[in-house]
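Architecture and fold: a report
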Amino acid sequence: MTVDAAYLMQFVDETSFYNRIILSHLLPSNLWEPLPHFLQTWLRNYLAGTLLYFISGFLWCFYIYYLKVNVYLPKDAIPTRKAMLLQIYVAMKAMPWYTLLPTVSEFMIESGWTRCYSRVGEVSWILYFVSIAVYLVFVEFGIYWMHRELHDIKPLYKYLHATHHIYNKQNTLSPFAGLAFHPLDGILQAVPHVVALFIVPIHFTTHLGLLFMEAIWTANIHDCIHGNIWPVMGAGYHTIHHTTYKHNYGHYTIWMDWMFGSLRDPLLEEVDNNKDNFKKAE
């Protein structure tokens, strides 16, 4: 029991270290040091998540809408400032709730309820990378089916997921739409990351990094630029999801959509659109 408690303290020490790094640079010490450890962790996740959302969103929008204007998107496909501000508003209302999920997952890890381990040196490098691969496959499978059921179960779509799908045209989608969800919708789609902790042995810091990478990835797949890198579920695929509502539910890759019959290729979509335009011209 003493060994277990000492081992679990490694997780607490690590989360406390992350709390100090973020909070000491953003807030006066008297505002956060008296808080309980759980609230410090939530505050750190909230501030870090908010910064990550704005920094990644603004940098990517500046690059594709201003520095590379007409290179990646024509001017009429660039979302309006009003649309982007609405997306930011929706995301900011949900952010306190989104960041509660990693805070709870850290609490469960610190309590010894999961299969997380503290140091990479506890396993071989081969097992470290194999565990990441298994973790990501589990997360991909979980997010695919969670996302699909949010469409197929009508009350879930009506009361939760429809909030995100008001952005259903190319000129209304932007990197800021990546986190513009109903709070419960966003949490449900991230839950596979937490469930995986009970099934797959995963390095603690790697889990946190993968969870926060979601913010960057969701910004990327809402920019409407088709990167065409197989088997990545890029923005071209996800734009089709926003326009058809019944294809490309996957997250990082196209594999789940391919296996379960919901894949639609943006290049084939472009060919079909060109055929339709040609027929209309005739």
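Since we're looking at a predicted model, the values are computed, not measured.

What follows is about the pattern of salt bridges. All told, the structure shown has three salt bridges when counted by the stated rule. The residue arginine 119 makes a salt bridge to glutamate 14 at a minimum N-O spacing of 3.4 Å. Here the residue arginine 119 occupies a position in the loop between helix 5 (100-110) and helix 6 (125-152), and glutamate 14 occupies one in helix 1 (residues 2-26), the gap between them amounting to 105 residues. Residue arginine 119 is classed as partly exposed on the basis of its relative accessible area, which comes to 39%. For arginine 44, the salt bridge goes to glutamate 106, with nearest N and O atoms at 2.8 Å. Taken together, the residues span a long stretch of sequence, with arginine 44 in helix 3 (residues 37-67) and glutamate 106 in helix 5 at a distance of 62 residues. As far as burial versus exposure is concerned, arginine 44 and glutamate 106 are alike and both buried.

Counting residues in hydrophobic clusters, the biggest one holds 24 residues, and the most contacted among them are Tyr53, Tyr65, Leu73, Tyr98, Tyr167, Phe176 and Leu179. Taken together, the elements giving at least two residues each to this core come down to helix 3 and helix 4 (81-98). In terms of residue count, the dominant contributor to this core is helix 4 (seven residues). If sequence neighbours within four positions are ignored, tyrosine 65 has contacts with Leu73, Ile78, Pro79, Met84, Leu173, Ser174 and Pro175. The next biggest cluster of nonpolar side chains, apart from the first, holds 21 residues, and it includes Met108, Cys116, Ile143 and Ile202.

Let us now look at the layout of surface pockets. Gaps left between atoms are located by rolling a probe of water-molecule size over the structure's atoms. What the second largest pocket holds in volume is close to 240 Å³. The set of elements that each furnish at least two residues to the lining of the second largest pocket consists of helix 3 and helix 4. For the lining of the second largest pocket, the leading source of residues is helix 3, giving five residues. In terms of residue class, the lining of the second largest pocket is built from eleven nonpolar, one polar and one charged.

The UniProt record marks residues 46-66 and 125-146 with the feature "transmembrane region" (unreviewed entry), using the residue numbering of this structure. The distance separating the terminal C-alpha atoms of residues 46-66 is 29 Å; by composition the span is 100% helix and 0% strand. Across residues 125-146, helical content stands at 100% and strand content at 0%; the span's end C-alpha atoms are separated by 31 Å.

For the structure shown, the criterion picks out one cavity of 30 Å³ or more. Looking at the lining of the largest cavity, the elements with two or more residues in it are helix 3, helix 4, helix 5, helix 6, helix 8 (183-195), helix 9 (204-220) and helix 10 (235-244).

Our focus in this paragraph is the packing of helix 6 against helix 8. Two elements in contact, helix 6 and helix 8, have axes whose closest approach is 8 Å; the angle formed by their N-to-C orientations is 155°. Taken together, helix 6 and helix 8 sit at an angle that is classed as roughly antiparallel. For the crossing formed where helix 6 meets helix 8, the hand is right-handed. Judged by residue contacts, Tyr135, Phe138, Val139, Gly142, Ile143, Met146, His147 and Leu150 of helix 6 engage Asp185, Leu188, Gln189, Pro192, His193 and Val195 from helix 8. The residue makeup of the contact of helix 6 with helix 8, split by class, is nine nonpolar, four polar and one charged.

The next point concerns the confidence of the model for the protein chain. Across the protein chain, pLDDT averages 89, with 94% of residues at or above 70. Note on residues 271-282: pLDDT under 50 across the span, and zero contacts to partners over four residues away in sequence or across chains.

Before going further, it helps to spend a moment on a nonpolar patch on the surface. Residues Phe38, Leu39, Trp97, Leu100, Val104, Phe107, Trp113, Val195, Phe198 and Ile199 make up a contiguous nonpolar surface patch of roughly 890 Å² in combined accessible area. For the nonpolar patch, the secondary-structure elements that each account for two or more residues are helix 3 and helix 5. Sort the elements by how many residues they give to the nonpolar patch and helix 5 lands first, with three residues. Relative to the elements of secondary structure, tryptophan 113 occurs in the loop between helix 5 and helix 6.

This part covers the environment of threonine 243. For threonine 243, the position within the fold is in helix 10. The class of threonine 243 is partly exposed, set by a relative accessible area of 39%. Along the backbone, threonine 243 and lysine 169 are 74 residues apart, and their C-alpha atoms lie at a distance of 6.3 Å. One polar contact links the side chain of threonine 243 to the main-chain carbonyl oxygen of isoleucine 240, over a distance of 3.0 Å.

Here is what the cut-offs are and how they apply
- Residues numbered from 1 in each chain as written.
- Predicted model: local features only at pLDDT ≥ 70, side-chain atom pairs only at ≥ 80, totals over all residues.
- Heavy atoms only, no water.
- Salt bridge = Lys/Arg side-chain N within 4 Å of Asp/Glu carboxyl O.
- Helix = DSSP H or I, 4+ residues; strand = E, 2+ residues; numbered from the N terminus.
- Buried < 20%, exposed > 50% of the residue type's maximum accessible area, 1.4 Å probe, protein only.
- Core = buried A, V, L, I, M, F, W, Y, C linked by side-chain atoms within 4.5 Å.
- Contact = heavy atoms within 4.5 Å.
- 1 Å grid on protein atoms, 1.4 Å probe; cavity = no way out; pocket = protein on both sides within 12 Å on 5 of 7 lines; lining within 4 Å.
- Points joined across faces, edges and corners; volume = space filled by probe spheres on them.
- Nonpolar A, V, L, I, M, F, W, Y, C, P; charged D, E, K, R; others polar.
- UniProt positions renumbered as here; feature names shortened; annotations may be inferred.
- Axes fitted to C-alpha atoms, helices over the stretch in contact; angles between N-to-C directions.
- Parallel < 35°, antiparallel > 145°, perpendicular 65-115°, else oblique.
- Left-handed = near helix turned anticlockwise from the far one by under 90°.
- pLDDT = per-residue confidence, 0-100.
- Patch = residues over 30% accessible without salt bridge, like charges linked within 9 Å, V, L, I, M, F, W, Y side chains within 5 Å.
- Areas by Shrake-Rupley, 256 points an atom, 1.4 Å probe, with all protein chains shown as cover.
- Polar contact = N/O pair within 3.5 Å; in protein donor to acceptor, adjacent residues only side chain to side chain.

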